[in-house]
Amino acid sequence: MDKVIIAENLSLSYKEFETIISKANFSIDAGSFVFITGASGSGKSTLLKSFYGAIEPRAGSLMVGGVKMNRISTGKLNFLRRHVGIVFQDYKLIKEWTIEKNVMLPLIISGYTKDVSGAQVQKLLGHVKLIHQSGKYPPELSGGEQQRVAMARALAHNPILILADEPTGNL
Ligand SMILES: Nc1ncnc2c1ncn2[C@@H]1O[C@H](COP(=O)(O)OP(=O)(O)OP(=O)(O)O)[C@@H](O)[C@H]1O
Ligand SMILES: [Mg+2]
């Protein structure tokens, strides 16, 4: 079976002589659904960050969707991110944009026309039961509603890989 993520002796840290993740070896099959559990501060979000290139391997190797994440070029990273959906622990919604436009963001980046993306956004907002809130702005929504917007946005561009950091923490 195809592997969507392969880590070999993967070590991660924010500073040079610190270790958050130490020599991790694992692979994740395409099409599988995997939970990562661990105490607060143990490195779950850090590990997810390495999967979308927000932190580089300190040592070892990491492959995501067939792309090597060690010293990845900006071009390759942008390509990869167009195929990954991310639900951030702190949502990272754009406050100045309506809910509808927030969900549309991955489609805007991928260059879909407004007609196509509008229909897709309505479908996704329906899934997360937020059609009635689509014209509002993130600060006008409850924490759980904002989390549902983040989920809809992560699915908008039919990603090959969905990374969700505590996606139901407020639901
Ligand atoms: N940007 C950063 N700079 C420096 N250290 C960081 C940074 N982000 C996280 N850390 C540290 O890395 C360690 C792991 O943090 P991480 O956010 O990965 O934990 P977590 O398992 O996701 O925790 P939680 O369950 O609380 O979300 C913590 O000790 C944290 O202080
Ligand atoms: Mg975390």
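A brief report on the enclosed structure follows. (Residues numbered from 1 in each chain as written. Chains lettered and ligands numbered in written order. Predicted model: local features only at pLDDT ≥ 70, side-chain atom pairs only at ≥ 80, totals over all residues. Heavy atoms only, no water.)

A few points about helix 5 (residues 143–155)
Under the 1.5 Å per step criterion, the end-to-end length of helix 5 is 19 Å for 13 residues, consistent within 8% with the ideal 18 Å. Buried residues belonging to helix 5 abut strand 5 (84–87), helix 3 (99–110) and helix 4 (114–127). (Helix = DSSP H or I, 4+ residues; strand = E, 2+ residues; numbered from the N terminus. Expected span 1.5 Å × (residues − 1). Contact = heavy atoms within 4.5 Å.)

Focus on the site of ligand 1
Taken together, 13 residues lie near ligand 1, and Ser40, Gly41, Lys44, Ser45 and Thr46 sit nearest. Here an oxygen atom of ligand 1 sits 2.7 Å away from a polar atom, N or O, in the side chain of serine 40. Here an oxygen atom of ligand 1 sits 2.8 Å away from a polar atom, N or O, in the main chain of glycine 41. When isolated, ligand 1 has an accessible area of 640 Å², and the protein chains bury 61% of it. (Near = heavy atom within 4 Å. Polar contact = N/O pair within 3.5 Å; in protein donor to acceptor, adjacent residues only side chain to side chain. Areas by Shrake-Rupley, 256 points an atom, 1.4 Å probe, with all protein chains shown as cover.)

A look at the pattern of salt bridges
Using the criterion set out here, one finds three salt bridges in the structure. Between glutamate 18 and lysine 15 there is a salt bridge whose closest N-O contact spans 3.6 Å. With a relative accessible area of 25%, glutamate 18 lands in the partly exposed category. By relative accessible area, lysine 15 is classed as exposed at 56%. Here aspartate 90 makes a salt bridge to lysine 92, at a shortest N to O gap of 3.4 Å. (Salt bridge = Lys/Arg side-chain N within 4 Å of Asp/Glu carboxyl O. Buried < 20%, exposed > 50% of the residue type's maximum accessible area, 1.4 Å probe, protein only.)

Considerations on the sheet that holds strand 4 (residues 67–68)
One open sheet accounts for four strands, arranged 2-1-3-4; its pairing is antiparallel. In the strand order of this sheet, the two ends are held by strand 2 (21–29) and strand 4, each with one partner. As defined by bridge partners, strand 1 (residues 3–12) adjoins strand 3 (residues 59–64) across five bridges and the pair is classed as antiparallel. Its bridge partner being in strand 3, isoleucine 6 is matched across the sheet by methionine 63. Strands strand 1, strand 2 and strand 3 of the sheet are contacted by helix 1 (residues 44–51), whose axis makes an angle of about 120° with strand 1. (Pairing = 2+ DSSP bridges. Axes fitted to C-alpha atoms, helices over the stretch in contact; angles between N-to-C directions.)

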